[in-house]
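One letter stands for each residue in the lines below.
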Amino acid sequence: MAYLNDNYLKLQAGYLFPEIARRVREFCDANPDAAKRVIRCGIGDVTEPLPSAVIAAMHRAVDELSVRETFRGYGHEQGLESLRATIAQQDYRDRGIEIAPDEIFVSEGSKSDCGYILDVLGDRNRIAITDPVYPAYVDTNVMAGHTGGAGESGRYEGITYLPCRPANHFVPEPPNEPVDIIYLCFPNNPTGAVASREQLGRWVEYARKHGAIILFDAAYEAYISDPAIPHSIYEIPGAQECAVEFRSFSKNGGFTGVRCGFTVMPKALLARASDGRRLPLHSLWHRRWSTKANSVGYPVQRGAEAVYSAEGKSQVRHLIDHYMGNASILRQAAQRAGLCVYGGVNAPYIWVETPAGLTSWQMFDRMLRELNVVVTPGSGFGACGEGFFRISAFNSRENAEEVGRRLGNL
Ligand SMILES: *Cc1c(COP(=O)(O)O)cnc(C)c1O
């Protein structure tokens, strides 16, 4: 009989969102009247339709494919040249960062990229991950066999956890011990925290000193409102020698269902071979893409390109303003309810301390029962998320206002 990948058996059962869905279903079945009032502020998925500039570009692309003269088959394996040139120009060069189009790899989203990157990294790396965290970073390392089993707290052996708490404003300092791979995500999901230039500077300094690589997830950069906060890790001098950046069109253009993102792999980034040579990761990453993938659907890439048009940018701005307007309503309502609130200023997530020593799941149940509002229990994001819950601002204005009112009854 064939063998399976035993590493999958180490994964923690009862993944967060299925468990939330189960509890909501159970509540709704038992309380059909309250069920009609339930508002979901749980999963971090956008709610508003795509910008019309994106829709028009995707329609045009489909029409091109319908005519022999303009039909296209396989494209460049790294993604459309024009899209990569636009990304390099607008996301980087316009901000004074020298990134070339061939350092950009267009993909079907950054969740996948966060897993794929392990293809080109070795098995002996010491991995550092923030706690609480977006679960994909941890689970992909478990699947790849980079960890031992999970302990009682749900933490895996072999991972260096970086606690994110109110005391460090949810931005960890580099550890005292050497690590090789560091996952950072700012603005952060789930805490809504952002990292300052100085804080990121200390991580870049650490990475350069230890020959470590920072995997920087910037999926929420469009939500930054504070002009002092970096949008890209490459705003820190020297970061091109030690950081890979993941970007996504999911949370700015609303592409969660369309699927498109990209990785920036600078050619200056080196990693060590087993024989001690220091080689660019770029050539391995390029090889990985040309061997295992053929980039992303043509209409999708044209849609992504439209995000950078003048019209697209103003429509995306409008979407972000909508969600951040919700965040502000929810944040203030939670504060008025006497809760201790973080985030929600440069990120669409509000991270709230549970009152009266309730656990995250106890608070989840209370919010569901008393307010008919679904939140995400912080403990689902890691041991240090215990005692917190996350409210997502991805919703209609009407729902955000209603949740704001209900918070007053807490
Ligand atoms: C939503 C999100 C992403 C984007 O994932 P896609 O696969 O591009 O949709 C990436 N990182 C984090 C932390 C997210 O919350």
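Residues numbered from 1 in each chain as written. Predicted model: local features only at pLDDT ≥ 70, side-chain atom pairs only at ≥ 80, totals over all residues. Heavy atoms only, no water.

**What about the overall build of the protein?**
And step 1. For the protein, the helix and strand inventory stands at 12 helices and 15 strands.
And step 2. In summary, the protein has a C-alpha radius of gyration of 22 Å against a globular reference of 22 Å for 410 residues, a match within 12%.
And step 3. Projected onto its principal axes, the C-alpha coordinates of the protein cover approximately 60 × 55 × 55 Å.
And step 4. When each of the 410 residues of the protein is scored for burial, the buried share is 53%.
And step 5. Considering only intrachain contacts with a sequence separation of at least 6, the fraction spanning at least 24 residues in the protein is 74%.
And step 6. In the structure as shown, the protein presents an accessible area of about 18100 Å², 50% of it carried by carbon and sulfur atoms.
And step 7. Counting 43 positive and 47 negative side-chain charges, the protein places the centres of these two groups 1 Å from one another. (Helix = DSSP H or I, 4+ residues; strand = E, 2+ residues; numbered from the N terminus. Rg over C-alpha atoms; globule rule 2.2 N^0.38 Å. Buried < 20%, exposed > 50% of the residue type's maximum accessible area, 1.4 Å probe, protein only. Contact = heavy atoms within 4.5 Å. Areas by Shrake-Rupley, 256 points an atom, 1.4 Å probe, with all protein chains shown as cover. Lys, Arg positive; Asp, Glu negative; His and termini not counted. Charge placed at Lys NZ, Arg CZ, Asp CG, Glu CD.)

**Brief notes about the sheet that holds strand S12 (residues 349-353)**
Pairing between the strands of a sheet comes from backbone hydrogen bonds, and it takes one of two forms, parallel or antiparallel.
And step 1. Spatially, the 4 strands line up as an open sheet ordered S11-S12-S15-S14, and their pairing is antiparallel. Only two strands of the sheet have a single partner each, and these edge strands are strand S11 (341-343) and strand S14 (376-377).
And step 2. Pairing between S12 and strand S15 (residues 388-392): 5 bridges, direction antiparallel. Counterpart to Tyr 349 in the pairing with S15 is Ser 392. (Pairing = 2+ DSSP bridges.)

**Quick notes on the site of the ligand**
And step 1. Residues in contact with the ligand amount to 14 residues; listed here are only the nearest, Asp 217, Tyr 220, Ser 250, Lys 251 and Arg 259.
And step 2. The separation between a nitrogen atom of the ligand and a polar side-chain atom of Asp 217 is 2.6 Å.
And step 3. For the ligand, an oxygen atom lies 2.7 Å from a polar atom in the side chain of Ser 248.
And step 4. Across the complex, the protein chains shield 94% of the 390 Å² of accessible surface that the ligand would expose by itself.
And step 5. Tallied by class, residues from the shell around the ligand come to 5 nonpolar, 5 polar and 4 charged. (Near = heavy atom within 4 Å. Polar contact = N/O pair within 3.5 Å; in protein donor to acceptor, adjacent residues only side chain to side chain. Nonpolar A, V, L, I, M, F, W, Y, C, P; charged D, E, K, R; others polar.)

**Description of the pairing of strand S3 (residues 127-131)**
And step 1. The buried fraction of S3 amounts to 5 of the 5 residues, a majority that puts the element mostly inside the structure.
And step 2. Strand direction decides the pairing type here: S3 and strand S4 (residues 159-163), joined by 5 bridges, are parallel. The residue of S4 that forms the bridge with Ala 128 is Thr 160.
And step 3. Each parallel crossover has a hand, and for S3 linked through helix H6 (residues 135-143) to S4 it is right-handed.
And step 4. Relative to strand S5 (residues 181-185), S3 is paired through 3 bridges, and the arrangement is parallel. Residue pairing across strands places Ile 127 opposite Ile 181, the latter belonging to S5. (Right-handed = clockwise from strand over helix to strand, strands pointing away.)

**Focus on the sheet that holds strand S6 (residues 213-217)**
And step 1. Taken in spatial order, the 7 strands of this open sheet run S2-S8-S7-S6-S5-S3-S4, and their pairing is mixed. Edge positions in the open sheet fall to strand S2 (104-107) and S4, since each of these has one partner strand only. The average angle at which neighbouring strand axes cross in this sheet is 20 degrees, direction not considered.
And step 2. Where strand S7 (residues 243-248) lies against strand S8 (residues 261-264), 4 bridges are found, and the strand directions are antiparallel. Residue pairing across strands places Arg 247 opposite Phe 262, the latter belonging to S8.
And step 3. Contacting S2, S7 and S8, helix H4 (residues 81-92) runs over the sheet at an angle of about 115 degrees to S2. (Axes fitted to C-alpha atoms, helices over the stretch in contact; angles between N-to-C directions.)

**A closer look at unusual backbone geometry**
And step 1. The omega torsion across Asp 131 and Pro 132 is 5 degrees, close enough to zero to call that bond cis.
And step 2. By the secondary structure assignment, Pro 132 is in the loop between S3 and H6.
And step 3. A cis amide bond links Phe 186 to the next residue, Pro 187, at an omega of -5 degrees.
And step 4. Checked against the element boundaries, Pro 187 lands in the loop between S5 and helix H7 (197-210).
And step 5. Despite not being glycine, Arg 259 shows a phi value in the positive range, around 80 degrees.
And step 6. For Arg 259, the position within the fold is in the loop between S7 and S8.
And step 7. According to the relative accessible area criterion, Arg 259 is partly exposed, its value standing at 29%.

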